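Per-entry structural report
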Amino acid sequence: MNKKTIIYSIKSALPVMTGYIVLSIGFGLLLQGKGYEWGWAVLMSTGIYAGSMQFVTINLLSAGASIITTAIMTLMVNIRHLFYGITMLKEYSEAGWRKPYLIFSLTDETYSLICSPDLPDDINRKDYFFIVSLVNQLSWIAGSIIGSVLGNIIPFDTTGIDFAMTALFVIILVEQLEKSKQHLPAFTGFIISIFCLLLFGPNQFLIPSMILITIALFIEKKSLERSKMDPVKRTR
């Protein structure tokens, strides 16, 4: 790994790293509030590393949920990774020794940084993927430890802390809209999500909306690729 790639990757990841530290502090506070010490924060942030699922896991642990219940809940919460993860199959298949960790550490926010990066020529693409994924997880682990330790020292009212994850998603969306010239995919996802929410209700809309969004994006991708090719053909 060259120095330029490391510095560039860390700078690119800074917004997510900052958000992860804040969010994971909230996670550590909630975990400590349920009576689990900082060691649990390290274990969960290292082994699970799935922000929203970690917040859910706190309730599952405190409620004494069964393995089957936990497995089903994990599938429901994290099934969205399947839909956007398939878009990285080609990239990750060529990542060599980095591949297992890249698959494990692919989160929503990390994906937003690596799905279509416009990298300088002197930046190693695969190392960029790895460093961004690694520093994001390290920031999450660090924040969860800080939150757990603070929760043990200072009493906190943790009401509403779990909403911070939603706030981060909104910020990432706004940043992506500002950087991208093509807003059709974002508006497609928004419209389909609202439609499924009204049709299936708040407890059932996630999986249908993800399926429809994936289909719509594949169709849009082919349409956009054809539109890019047509002007080229006309100039020949």
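Now for a quick tour of the structure. Nothing here was measured: the structure is a model prediction, and the numbers come from that model.

**Notes on the overall build of the protein chain**
Helix and strand counts for the protein chain stand at 12 helices and zero strands. Ordering the α and β elements of the protein chain from the N terminus gives α-α-α-α-α-α-α-α-α-α-α-α. Looking at the protein chain as a whole, 39% of its 236 residues qualify as buried. Of the contacts formed within the protein chain by residues at least 6 apart in sequence, a portion of 74% connects residues at least 24 apart.

**A short note on the nonpolar core**
Ranked by size, the top nonpolar core spans 33 residues in total, and within it Phe27, Ile114 and Tyr128 carry the most contacts. Residue assignment for this core shows that the elements contributing at least two residues are α1 (3-33), α2 (38-47), α3 (51-63), α7 (99-104), α8 (108-114) and α9 (125-153). It is α1 that contributes the most residues to this core, eight residues altogether. Beyond its immediate stretch of four places on either side in the chain, isoleucine 114 contacts Met88, Tyr92, Leu106, Tyr128, Phe129 and Val132.

**Here's the deal with the side chain of serine 105**
As for its placement among the helices and strands, serine 105 is situated in the loop between α7 and α8. Its relative accessible area of 0% is what places serine 105 among the buried residues. Setting aside chain neighbours within four positions, we find serine 105 in contact with Tyr49, Thr110 and Ser133.

**Focus: the packing of α1 against α3**
Closest axis-to-axis distance for the α1/α3 pair is 10 Å, and the angle between their directions is 5°. When the axis of α1 is compared with that of α3, the two are roughly parallel. Two secondary-structure elements touch here, α1 through Leu23, Gly26, Phe27, Leu30 and Leu31 and α3 through Gln54, Phe55 and Ile58. Residue composition of the contact of α1 with α3, by class: six nonpolar, two polar and no charged.

**With respect to α1**
Where α1 bends most, at leucine 14, the angle is about 55°, and the proline proline 15 comes one to four residues later. Taking the backbone nitrogen of lysine 4 as reference, a side-chain oxygen 3.2 Å away marks asparagine 2 as the first, capping residue of α1. One or two positions beyond α1, positive phi appears at glycine 35, with a value near 95°.

**Some points on the pattern of salt bridges**
Evaluation of the coordinates by the stated rule reveals five salt bridges. Where glutamate 91 meets arginine 125, a salt bridge forms, and the shortest distance between an N and an O atom there is 3.0 Å. Of the two residues, glutamate 91 sits in helix α6 (residues 89-93) while arginine 125 sits in helix α9, which places them 34 residues apart along the sequence. Given the relative accessible area of 29%, arginine 125 is considered partly exposed. In this structure, the salt-bridge partner of arginine 98 is aspartate 127, at a minimum N-O distance of 2.9 Å. You can see arginine 98 sitting in the loop between α6 and α7 and its partner aspartate 127 sitting in helix α9, a full 29 residues away along the chain. Comparing arginine 98 with aspartate 127 shows no difference in burial state: the two are buried. The network of salt bridges with shared partners includes Glu91, Glu94, Arg125 and Lys126.

**Looking at unusual backbone geometry**
The backbone of tyrosine 49 shows a phi angle near 45°, a positive value even though the residue is not glycine. Mapped onto the elements of the fold, tyrosine 49 is located in the loop between α2 and α3. With relative accessibility at 3%, the residue tyrosine 49 sits in the buried group.

Reading the values: the criteria
Residues numbered from 1 in each chain as written. Predicted model: local features only at pLDDT ≥ 70, side-chain atom pairs only at ≥ 80, totals over all residues. Heavy atoms only, no water. Helix = DSSP H or I, 4+ residues; strand = E, 2+ residues; numbered from the N terminus. Buried < 20%, exposed > 50% of the residue type's maximum accessible area, 1.4 Å probe, protein only. Contact = heavy atoms within 4.5 Å. Core = buried A, V, L, I, M, F, W, Y, C linked by side-chain atoms within 4.5 Å. Axes fitted to C-alpha atoms, helices over the stretch in contact; angles between N-to-C directions. Parallel < 35°, antiparallel > 145°, perpendicular 65-115°, else oblique. Nonpolar A, V, L, I, M, F, W, Y, C, P; charged D, E, K, R; others polar. Bend = angle between axes of the 7 residues up to and from the residue. Polar contact = N/O pair within 3.5 Å; in protein donor to acceptor, adjacent residues only side chain to side chain. Salt bridge = Lys/Arg side-chain N within 4 Å of Asp/Glu carboxyl O.

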